[in-house]
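Remarks on the overall topology
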Amino acid sequence: MTPFLRSSFMKDQSKIMQCPASIRDQFAGKLFVSDRTSARLKQITVSVGCALLRATDEERSWIDRAQKLLTSAKHSCGNQVTIKRVI
């Protein structure tokens with residue numbers, strides 16, 4: 001599953017940088033059980049690619065950059081946050 005979250009409500013860049021790691025950390029160490037079988041599931045990992053919107057971006061270039069960062073996070077053994085800090 002590769003959901004895409006587009007957020008423009010945060011203006012503080014330092015908080016924006018903390019948000020993806022916070023989301024990932026919410027899943028760390030949690031116990032997940034299948035609704036269907038009641039079996040315990042393996043650990044859930046979350047990979048995040050986060051691209052800050054640039055003044056020159058169009059929606060497609062912004063999404064493409066975030067997708068590349070997500071792919072990079074997944075290929076780095078997963079459960080990673082990859083953020084492009086350059087605006």
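Residues numbered from 1 in each chain as written. Predicted model: local features only at pLDDT ≥ 70, side-chain atom pairs only at ≥ 80, totals over all residues. Heavy atoms only, no water.

Right, let's get into the overall build of the chain. A tally of helices and strands in the chain yields 2 helices and 2 strands. By the burial criterion, 24% of the 87 residues in the chain qualify as buried. For the chain, long-range pairs separated by at least 24 residues make up 55% of all intrachain contacts whose partners lie at least 6 apart in sequence. As displayed, the chain offers around 6,800 Å² of accessible surface, 53% of which is attributable to carbon and sulfur atoms. (Helix = DSSP H or I, 4+ residues; strand = E, 2+ residues; numbered from the N terminus. Buried < 20%, exposed > 50% of the residue type's maximum accessible area, 1.4 Å probe, protein only. Contact = heavy atoms within 4.5 Å. Areas by Shrake-Rupley, 256 points an atom, 1.4 Å probe, with all protein chains shown as cover.)

Side chains three or four residues apart in an α-helix point the same way, a direct result of the helix having 3.6 residues per turn. Helix length check: helix H2 (residues 59-75) (17 residues) gives 24 Å between terminal C-alpha atoms against 24 Å at 1.5 Å per residue, within 8%. Looking one or two places after H2, you find Cys-77, whose phi comes out positive at around 70°. (Expected span 1.5 Å × (residues − 1).)

Of note, Trp-62 is situated in helix H2. A relative accessible area of 10% means that Trp-62 is categorised as buried. Once the C-alpha coordinates of Trp-62 and Leu-52 are considered, the two residues, 10 residues apart in sequence, prove to be 7.7 Å apart. Within the structure, the side chain of Trp-62 is placed 2.5 Å from the backbone oxygen of Ala-51, a separation counted as a polar contact. (Polar contact = N/O pair within 3.5 Å; in protein donor to acceptor, adjacent residues only side chain to side chain.)

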